[in-house]
Amino acid sequence: MRDWLRAPGSLSRRLAQLGQKFEVQVLRQGTTPLRAPELQALGLPRHGCTFVREVILRVDGQPLVWARSSLHATALAGPWRALKGLGSKPLANLLYADPRVKRSELSPKRIARHGHTRRQMQRQWLAATGSLPSAQMLWSRNSVFRRGGAELRVMELFVPDLARHSPKHRGGSLRVRPGAGPKL
């Protein structure tokens, strides 16, 4: 799993190499109160709202990653305004096409098994897939993208079985068993 948590560049492009069809399933998009990790990562005051986009990234129908992108709602009128119209296109289309966008270092993190992020992901995963995610789906990576003085935090939470595939993989079939995979 370490290779996935530290793989630079576009996660969408790496996942798309694992199969024939890459999809972004939008679960939620809109404004919501700020969360503590977002406040810390974005360096924001304790008031205001954040704009959030939560998605599942799928390859050949298999859900592999739950992702949450967040930014202060005021940034939607500025450098990140295209985020509102992104729909089911990968966020990577905005992040890697513009040389003015700079990314922080990737920060791997194990989420709390019973924390708010885990509960939110579980509810959405169940509604989107019809089954609960693996109990071992706890490893995420976080980074902050900066453009025009505004920051966008991206958190990506991985299916543990993804560890069986290299992020450098080119072709072959993707087989993910629910609940399988090594711990980090």
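Residues numbered from 1 in each chain as written. Predicted model: local features only at pLDDT ≥ 70, side-chain atom pairs only at ≥ 80, totals over all residues. Heavy atoms only, no water.

Draft legend 1. Representation of the overall build of the protein within the structure. Helix and strand content of the protein: five helices and seven strands. When the helices and strands of the protein are placed in sequence order, the string is α-α-β-α-β-β-α-β-β-α-β-β. In the protein, which comprises 184 residues, the share counted as buried stands at 47%. Relative to all contacts within the protein whose residues are 6 or more apart in sequence, the contacts with residues 24 or more apart total 65%. If you sum the accessible surface of the protein, you get close to 9100 Å²; carbon and sulfur atoms cover 51% of it. (Helix = DSSP H or I, 4+ residues; strand = E, 2+ residues; numbered from the N terminus. Buried < 20%, exposed > 50% of the residue type's maximum accessible area, 1.4 Å probe, protein only. Contact = heavy atoms within 4.5 Å. Areas by Shrake-Rupley, 256 points an atom, 1.4 Å probe, with all protein chains shown as cover.)

Draft legend 2. Fine view of the nonpolar core. Grouped together as the largest cluster of nonpolar side chains are 15 residues, with contacts concentrated most on W4, L15, V65, F158 and L162. Of all the secondary-structure elements, those providing two or more residues to this core are α1 (2–6), α2 (11–16), β2 (49–59) and β3 (62–72). L162 has contacts with W4, L15, L18, L64 and V65, leaving out every residue within four places of it along the chain. Membership of the second largest hydrophobic core comes to 14 residues, among which are F51, L91, A150 and V154. (Core = buried A, V, L, I, M, F, W, Y, C linked by side-chain atoms within 4.5 Å.)

Draft legend 3. Summary view of the packing of aromatic side chains. Here the structure, examined in full by the defined rule, presents two aromatic pairs. Relative to F145, the ring of Y96 has its centre 6.1 Å away and its plane inclined at 90°; by these criteria the two rings are edge-to-face. In this pair, Y96 sits in the loop between α4 (92–95) and β4 (102–103) while F145 sits in strand β6 (residues 139–147), placing the two residues 49 residues apart along the sequence. (Phe/Tyr/Trp six-rings, centres within 6.5 Å; stacked < 30°, edge-to-face > 60°.)

Draft legend 4. Structural view of the side chain of S12. Examined against the element boundaries, S12 turns out to sit in helix α2. Exposure remark for S12: the relative accessible area of 11% places this residue in the buried category.

Draft legend 5. Molecular detail of the pairing of β6. For β6, the buried fraction is high: seven of the nine residues fall into the buried class. Two elements, β4 and β6, share two bridges in a ladder whose sense is antiparallel. Residue K102 lies in a different strand from β6, and its bridge partner there is R146. Taken together, the four bridges between strand β5 (residues 107–110) and β6 define a ladder with antiparallel strand orientation. Pairing of P108 across the sheet is with R141, part of β6. Relative to strand β7 (residues 150–158), β6 runs antiparallel, the two sharing eight bridges. The residue bridging R146 from the neighbouring strand is E151, located in β7. Counting the residues in the hairpin turn of β6 and β7 gives two residues, including G148, whose phi is positive at 55°. (Pairing = 2+ DSSP bridges.)

Draft legend 6. Layout of the side chain of Q120. When you line up the elements, Q120 lands in helix α5 (residues 116–129). Q120 gets classed as buried once you look at its relative accessible area, which sits at 10%. Setting aside residues up to four positions removed in sequence, Q120 forms contacts with R28, R35, E54 and W66.

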